[in-house]
Each structure stands twice: as C-alpha cells, then as structure tokens.
Amino acid sequence: MIYPLKETHPNLHILTGVHVQHVTFDSENCATNVAFALNPLFHPDGPKETRTVHGTKLVVLSAGSFGTPGILERSGIGFKGVLEQVGVEQRVDLPGVGENYQDHNILFLPYFAADEAQTLDAIFPATAEFAKTKKGLLAHNGIDAGIKWHPKPSELAELGPEFKEVWDSYFANVPDKSVLWIGVLSAVTGHLPLRPPRKYFTLGASTTPDIHLQVVTIGKYPIARGHVHITDGKDVSALIDFVPGYLKSMADVKPLTWGYKFTREIARRMPHFRGEPPAMHPAFNPGGTAAIVEHAEGPIAFDATPIVYSEEDERALETYAGATTSTTWHALGTCPMKPREQGGVIDSRLNVYSVKGLKVADLSIGPGNVAANTYSTALVIGEKAAVITVEEPGIAGVV
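A. Highlighting unusual backbone geometry. The backbone of Asn-29 sits at a positive phi, close to 65°, despite the residue not being glycine. Within the secondary structure layout, Asn-29 lies in the loop between strand S1 (18-25) and strand S2 (31-38). By relative accessible area, Asn-29 is classed as buried at 18%.

B. Expanded view of the pattern of salt bridges. Under the counting rule described, the total for this entry stands at 10 salt bridges. The partner of Glu-84 in a salt bridge is Lys-80, and the shortest N-O contact between them spans 3.9 Å. On the criterion of helical spacing, the pair formed by Glu-84 and Lys-80 is a turn pair, its members being four residues apart in helix H2 (residues 80-85). Classification of Glu-84 by relative accessible area gives exposed; the value is 53%. Between Lys-261 and Glu-314 there is a salt bridge, and its shortest N-O distance comes to 2.8 Å. Of this pair, Lys-261 sits in helix H6 (residues 250-267) while Glu-314 is found in helix H7 (residues 311-324), placing the two residues 53 residues apart along the sequence.

C. The arrangement of a nonpolar patch on the surface in detail. A surface patch of nonpolar side chains, amounting to about 280 Å² of accessible area, comprises Ile-2, Tyr-3 and Leu-5. The class of Ile-2 is partly exposed, set by a relative accessible area of 44%.

D. Local environment of helix H5 (residues 160-171). By the burial criterion, the buried members of H5 are Gly-160, Phe-163, Val-166, Trp-167 and Phe-171. Angularly, the buried residues of H5 cover 110° about the axis, an arc narrow enough to put them on a single face. Exposed residues lying more than 90 degrees from the buried face of H5 are Pro-161, Glu-165 and Ser-169. Structurally, H5 contributes buried residues whose contacts are with helix H4 (153-156) and H6.

E. View of the packing of aromatic side chains. Taken as a whole and assessed by the stated rule, the structure comprises 13 aromatic pairs. Look at Phe-66 and Tyr-101: their rings are 5.7 Å apart centre to centre, the planes differ by 50°, and that puts the pair in the tilted class. Of this pair, Phe-66 sits in helix H1 (residues 64-74) while Tyr-101 sits in the loop between strand S6 (92-93) and strand S7 (105-113); the two residues are 35 residues apart in sequence, bridging distant segments of the chain. Phe-66 sits in the partly exposed class, given a relative accessible area of 36%. On the basis of an interplanar angle of 10° and a centroid distance of 3.9 Å, the ring pair of Trp-149 and Trp-258 is categorised as stacked. One end of the pair, Trp-149, is in strand S8 (residues 143-149); the other, Trp-258, is in helix H6, and 109 residues separate them in sequence. The residues Trp-149 and Trp-258 share a single accessibility class, namely buried. Among the aromatic residues, those joined into a ring-pair cluster are Phe-163, Trp-167, Tyr-170 and Phe-171.

Rules used in this analysis
- Residues numbered from 1 in each chain as written.
- Predicted model: local features only at pLDDT ≥ 70, side-chain atom pairs only at ≥ 80, totals over all residues.
- Heavy atoms only, no water.
- Helix = DSSP H or I, 4+ residues; strand = E, 2+ residues; numbered from the N terminus.
- Buried < 20%, exposed > 50% of the residue type's maximum accessible area, 1.4 Å probe, protein only.
- Salt bridge = Lys/Arg side-chain N within 4 Å of Asp/Glu carboxyl O.
- Patch = residues over 30% accessible without salt bridge, like charges linked within 9 Å, V, L, I, M, F, W, Y side chains within 5 Å.
- Areas by Shrake-Rupley, 256 points an atom, 1.4 Å probe, with all protein chains shown as cover.
- Arc of directions from axis to C-beta.
- Contact = heavy atoms within 4.5 Å.
- Phe/Tyr/Trp six-rings, centres within 6.5 Å; stacked < 30°, edge-to-face > 60°.

Honestly, that's just the spatial picture; any functional story needs more than this.
Have a look at this one:
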C-alpha cells in the first residue's frame, strides 16, 4: 500500500479521482507540466478549472492501454491525421500511438449442473460475508482447472489454411507457446434473462441462485489488432474511437470454434453435466448430430462417439463465436516498446521517442501478447519501471 508512506515521505502527494488532460513541454521538448482537472463523478462539488503540477525531473504516464494514448495525443504526440481531426497541433510524429491494440478473445460456454454440485451461483449474496471475514464463496475464484493447448498435427488440420499460415510463422517452432487457454468455472456468466434459475458450470465463469458449469476458452495470441484514439482534443470524457479488431481473420475464429467443440466433449462427460442452455449455445440443426441437449440425466459414456458437425453446424458455430466472443479485459500494446520505425512509441528505458523527461509505465507498452493473466505482466512492468525511474535521477539506495 502506498498510502502509509505519506507518514514518512512528506513529499509524497496522492490525488485520486482526476482526469489528466495533457503534458506540456518547454522549448527543448522536455516535459514540464501535467494538466489535470477533477473528475466530477468523484468530486461533484469540486472546482472545475484545470490545474497543473510541475515535473522537475520526470513525468511518468501510467493510465493504461486506453488512457495513456489519449494523454499523449492531447499532448501533440501521435499520428498527424488523428491529431488534425481533433484540432491538436502535432509536436512529435509517432504513428504508433493508440495503434496495435491487443486483447485475449474469450468464449464462456455454460452447461447445466446437478443440484448437488457446489458452484458460485450464489456469489452475490456472499459478498457481505467476504467483505467481513475474507472467507466463504468469494475466497475462491471458481476456476477449478485449466489447460494450455498447443495443437497436434491432426488437430492443426481442423483449423484451416488461414491459421496454418499463422502457425508456421508464430507457433510451429515454439512447442510451449499455447494457442488456447481452456478452463472450467463453477458458475455461469452472461445476460441474466438467458439463464434459467438453476445451477451451472462454465468451461468459463459467473452466477445465479442455482448451479451452472461454464467452460472458458481464450485465444492467447490472436492476430487481431485494433486501435484506441481520442475524438476530442480537450475533453477527456469524450467517447474514444475504439476498434478492437476481434475476429477479423478466420485464423482467430477457427481456434475458438475448435475450442468450443473440444470443451463440449469434456463437459458432456463431467459427472455434474445435466444439459445445455439453448439460448447460450449455437443454433445447431435440432435434427442433426450436433443438436443441443437441453436436459440430461447425467453425463454420456466416456468412450461415446464424438459429435459430428455438418457444414451448417460449422456456420452456426462461427456465427455464435462472432456474436459472443468477448474481451478478457487484458488490453495492451497501444504504446508499444519497440523500434520507432516499426510503430514503437517508447524505447527500452520507457522513454517516449523525441521528447525528454517523459516515460510510460503500464500495459500499453507491451509490443505483443502474453499467454498469461496480464495482471502478472503489469506487476513485472511496474517493478522494472520503478527501478528505472529512480536510477536515472540518481536516487541512492536502489538495487
């Protein structure tokens, strides 16, 4: 916790609930001031005027993959075409600002669970208990198991020619680089009206006052790239121009649809399997072999024949993936650390190109995706950034 440090560090000032508008520079392109205003959502009665803080040694931006590109663009750092549209004079030409947006694509696949199954469907009533005791249902995230999938040759053939090209260039020679992460969650997520009141599991995640199982399928290295740009040169609260780029290529679609079919075979063999919620699965041909089984007395035999999907079923599955694939809230890459000529925004010491005294330290600096929860990656970036930012001013006692 940083707040207790205020008692021993009188020069530490923490101000929360603010909108950072832009950074100003002197004639030598050195960052000098940060302009900000109080966020009216947190300070409804506070003053409305813009305030500034002076950076005598260094300014470090850490507003995340959505916030940091906007601060840079409002400061005149970015692609000229974007800045001209919002009336911001360009100071530094960095076309990579706000580009290269990446995320993990995710499918939550729910199944009905037996009444005796232990799930987190009652999680919301448990919030008060957890807040008080740090025990109970919320002390566990409900993800009981997970795997990382690197396809075998026979499985690779099912992913189509579009993915084969990606495979050859990115995965083939790296046997520990996973294409998908698959896990099982003791609850259900999704739109409440779609959930009949019973228990679920998800080869995925979440709740209701009944039992669910949900399967989560996450694409770890999708080729999709999007962008995040400002639409107003001054108004921090203006809507952003955000294009996630999800599933533009079949090379991203096919691993997810394969993951659906693979995890469905697992789910139907699990002891607590009791059926599939029709509204939360693809609209397969009801008379075909892939038809949804809404009610089941129990799991199928372990050695049962795998489901055969017709071309019509495959189209339904692709439509389903396009309609339900979601963010994993793992955004990164919009101010990447890589060479400037390759769209980079910062160098290996976190410095923004062509200016002085300005660094970026958040997930936006990741040039490519990671096969992990990005929380861990953020901690690594933060720890390394802390060392860098005190080394350069020459602060003693830093390892």
